[in-house]
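Analysis of the macromolecular model
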Amino acid sequence: MDLYVQSIILVFVYMTLFFIVAQIKKNNSIVDMAWGIGFVMIAVYTLLSGGNYNPSAILVTALVCIWGIRLFYHILKRNLGKPEDFRYAAWRREWGKWVVPRAFLQVFMLQGVIMLVIAYPIIMNNATTVGSLGALEIIGLTIWIVGFIFEALGDKQLKDFIADKTNKGHIMKKGLWKYTRHPNYFGEATMWWGIFIIATPSSSGLMGIVSPIMITLMLLFVSGVPMLEKHYKDNKEFQEYAKVTSIFVPWFPRK
């Protein structure tokens, strides 16, 4: 059976299990925990099933594991013991009696489909029998490292800011957050551009660009930036911060 078809079945079962747990807990934001570790599952499964242990496949799988495990741990610590995230709680109120079927289709299955599209270069790269490490792979790795720093450091800086009780009610505007309002989202998108570049010589080829384009568009216009910007639309401090700070791509604050 084709590795991509196997991955489709794997993700369907995986997201269904998370959906069942979410309904038991009455907390659909559990899906956020499934995100990072889901890519780890796909990467490791396709590497082992494909049996193509070339340098490129091992590198991509390792990078996905580093990113996915860190993100899973970060979200687990952030959400453990907390109520349902405000985004999912709003949908729960809006969907009413249809919350269960709509959560299954519009939250868990939709994220599964998106996961499979974004994972395309990973799957194809791990299905390729030959893969060396050359200039293109080094460029991709460098870009991935930059993205990882932005996501991991941005998350750490925000966590430390929130932990300081003197900052309660204020907006994070220091560190990486001085140069972009969403360094963690910028970092995530950047990492996928790095993965795409590394995987380009594989059977995914230029078609793999669908992966970083999708995650970038999602973060910029659908599930990432817009939701948080809307959440703070009535916050005067945030609006002043937004006037001088780049929304996504890091840049020096405007005067």
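Summary of the structure given here. (Residues numbered from 1 in each chain as written. Predicted model: local features only at pLDDT ≥ 70, side-chain atom pairs only at ≥ 80, totals over all residues. Heavy atoms only, no water.)

1. Here we look at empty space enclosed by the protein
Under the counting rule described, the total for this entry stands at one cavity of 30 Å³ or more. Forming the boundary of the largest cavity are L63, V64, W67, W144, M191, W192 and I195. Only α3 (55–79) and α8 (183–199) provide two or more residues apiece to the lining of the largest cavity. Among the residues forming the lining of the largest cavity, the class breakdown is seven nonpolar, no polar and no charged. (1 Å grid on protein atoms, 1.4 Å probe; cavity = no way out; pocket = protein on both sides within 12 Å on 5 of 7 lines; lining within 4 Å. Points joined across faces, edges and corners; volume = space filled by probe spheres on them. Helix = DSSP H or I, 4+ residues; strand = E, 2+ residues; numbered from the N terminus. Nonpolar A, V, L, I, M, F, W, Y, C, P; charged D, E, K, R; others polar.)

2. Digging into the packing of α3 against helix α7 (residues 135–163)
Taken N-terminus to C-terminus, the directions of α3 and α7 make an angle of 10°; their axes are 12 Å apart at the nearest point. Considered as vectors, α3 and α7 are oriented roughly parallel to each other. Across the interface between the two elements, L59, L63, I66, W67, R70, L71, H74 and K77 of α3 pack against L141, W144, F148, E151, A152, D155 and K159 of α7. Class assignment for the residues of the contact of α3 with α7 results in nine nonpolar, one polar and five charged. (Axes fitted to C-alpha atoms, helices over the stretch in contact; angles between N-to-C directions. Parallel < 35°, antiparallel > 145°, perpendicular 65-115°, else oblique. Contact = heavy atoms within 4.5 Å.)

3. Quick notes on the layout of surface pockets
Considering only enclosed or pocket space, the second largest pocket measures out at about 160 Å³ in volume. Around the second largest pocket sit F86, R87, A90, W91, M227, K230 and H231, which together line it. At the level of secondary structure, the elements contributing two or more residues to the lining of the second largest pocket comprise α4 (86–95) and α10 (225–231). A per-class count over the lining of the second largest pocket returns four nonpolar, one polar and two charged.

4. Observations regarding the nonpolar core
Counting residues in hydrophobic clusters, the biggest one holds 56 residues, and the most contacted among them are M15, W35, F39 and I122. For this core, the element with the most residues is helix α5 (residues 99–118), which contributes nine residues. Aside from chain neighbours lying at most four places away, what touches I122 is F39, A43, T46, V60, V64, W192 and I195. (Core = buried A, V, L, I, M, F, W, Y, C linked by side-chain atoms within 4.5 Å. Buried < 20%, exposed > 50% of the residue type's maximum accessible area, 1.4 Å probe, protein only.)

5. Concerning the side chain of D32
Structurally, D32 can be placed in helix α2 (residues 31–50). Since its relative accessible area comes to 9%, D32 is described here as buried. Non-local contacts of D32, meaning those with residues more than four positions away in its chain, are made with I75, R78, R87, Y88 and Q111.

6. Some words on the pattern of salt bridges
For the structure on display, the rule yields 10 salt bridges. One salt bridge in this structure joins E240 and K243, with 3.1 Å as the shortest N-O distance. Here E240 pairs with K243, and both are found in helix α11 (residues 236–244), just three residues apart, close to one helical turn. Residue E240 is classed as partly exposed on the basis of its relative accessible area of 47%. Counted as one network, the salt bridges with shared partners bring together D32, D85 and R87. (Salt bridge = Lys/Arg side-chain N within 4 Å of Asp/Glu carboxyl O.)

7. Observations regarding the packing of α4 against α5
At a closest axis distance of 9 Å, the pairing of α4 and α5 adopts a crossing angle of 140°. In terms of axis orientation, α4 runs oblique to α5. Helix-helix and strand crossings are classified by hand; for α4 and α5 the assignment is right-handed. Where α4 approaches α5, its residues Y88, W91, R92 and W95 are matched on the opposing element by V99, R102, A103, Q106, V107 and Q111. For the contact of α4 with α5, the class distribution of residues is six nonpolar, two polar and two charged. (Left-handed = near helix turned anticlockwise from the far one by under 90°.)

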